[in-house]
Amino acid sequence: MTIKPFKLERFLGVHEFSTKYLLSSSDCESLSIGELLAFESDAAEKFHRHWLGYTEPMGDPELRTTIASIFSSINAEDVLVCSGAEEPIYLFIQTMLKAGDRVIVQSPCYQSVQSIPESLGCEVSLWQVHYVDGKPIFDLGELEQLMALQPKVLFLNTPHNPTGYHFTKEEQQAIISLARKYGTIILCDEVYRELEHDPAVQIPAIADVYEHGVSIGVLSKAYGLPGLRIGWLISKRKDILEEAASLRDYTTICNSAPSEFLATLTLRNRKKVLDRNLGIVNKNLDLLDIFFEKYEDLFTWYRPNAGPVSFVRMKFDQPDLAFAEEVVQKQQVLLLPGYVFDYPRFFRVGFGRKNMSQSLEQFELFVNQRWGR
Ligand SMILES: Cc1ncc(COP(=O)(O)O)c(C=O)c1O
């Protein structure tokens, strides 16, 4: 298989662990194992006794039931627990698509959903974002035209990385109606679901409301626990679940036993974790509003209504990759350049981390020096 290098992961691989101030993280503030164990009085003792044998290939039964409880009409049998969100995306694409199949990808995207189908020889069409008055728009008329190509799969991501855009219920319904017409499977990357800044804007998971829907979720982002490497693929389509599970015998076989224990514990206490993370996000958003208003001659900021990321437009004339590298070199602040999403003249900011205010202060020092303010 020939596959393009994953630009985002390559870029982060170089800078993420050597740059002091991260201002572009896509996850929320993590917790320690001790903090998770403190959620329940007997958890530490149970964790010590937890058995380190192989685990069930579809995922621990209690964990599958707990994950199903996040959804409104999903049962434990509709859940495949995997390593992160990356593994279920990979398993789905490898088992459901082949050369010549047409797919549509909401773009910019987490590169897997574009590059893996391309590597298989699929016909990939992009449903591109447009910026109108500084706001990201995904045009449903354009999607309607693309859907006339009768794609096998439509890949969505909402709340969206990197733009921060989140579909409304009406938009979701319109998209489902289009997909239903052609029997198109919708794989929706919902790794930021449950991090709506106002709960009223939450929309149903695709697996709950569409018979050919596949929901991908994970503990890495809204929950801030990427080190657990626990994610899930949810679908009422038994064929999709079974084929993914079958390929999984060739990737990771089963999940890490300690991670399954900690994931189940986290999800039993998920409201506490999510409330904490939303508190951090909302505080950081207010700081970003103030910052970008002050520097509106240089940047266009969009305040999203969900998730911990947004895409900032650069109003000055410099390639985004060169700008991001200059900011790393001069001030030890990491931005994620639009280059990694094939979307130039933008950079992603992340606001799920507790120390974001310090990173923003450092970025402001850079801006003031660079533009002589
Ligand atoms: C939109 C999106 N989907 C999937 C993933 C992969 O998640 P994980 O690291 O949990 O495998 C990421 C990670 O950055 C992401 O941003």
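Please read all numbers here as calculations on a predicted model, not as lab measurements. (Residues numbered from 1 in each chain as written. Predicted model: local features only at pLDDT ≥ 70, side-chain atom pairs only at ≥ 80, totals over all residues. Heavy atoms only, no water.)

Caption draft 1: Region of interest: the domain arrangement of the protein. Each assigned domain of the protein is listed here: domain 1 (7–32 + 271–370) and domain 2 (33–269). One C-alpha centre belongs to domain 1, the other to domain 2; they are set 24 Å apart. At the interface, 35 residues of domain 1 touch 39 residues of domain 2. Of the roughly 3,100 Å² buried between domain 1 and domain 2 on both sides combined, carbon and sulfur atoms contribute 58%. When the buried surface of domain 1 facing domain 2 is broken down by residue, Ser32, Leu274 and Tyr302 rank first, second and third, together holding 20% of it. There are zero salt bridges connecting domain 1 and domain 2. (Domains from an automatic or database assignment. Contact = heavy atoms within 4.5 Å. Buried area = accessible area lost by both parts, 1.4 Å probe. Salt bridge = Lys/Arg side-chain N within 4 Å of Asp/Glu carboxyl O.)

Caption draft 2: Structural detail: the pattern of salt bridges. Applying the stated criterion across every chain yields a total of 21 salt bridges. Linked through salt bridges whose partners overlap, the residues forming this network are Glu40, Glu62 and Arg268.

Caption draft 3: Representation of the site of the ligand within the structure. Taken together, 14 residues are adjacent to the ligand, and Ala85, Asn161, Asp189, Ser220 and Lys221 come closest. Between Ser220 and the ligand, the recorded distance is 2.6 Å, taken from a side-chain N or O atom to an oxygen atom. Taking Lys221, its side chain carries an N or O atom lying 2.6 Å from an oxygen atom of the ligand. Here the ligand, which alone exposes 390 Å², has 93% of that area covered by the protein. Taken together, the residues of the shell around the ligand sort by class into five nonpolar, five polar and four charged. (Near = heavy atom within 4 Å. Polar contact = N/O pair within 3.5 Å; in protein donor to acceptor, adjacent residues only side chain to side chain. Areas by Shrake-Rupley, 256 points an atom, 1.4 Å probe, with all protein chains shown as cover. Nonpolar A, V, L, I, M, F, W, Y, C, P; charged D, E, K, R; others polar.)

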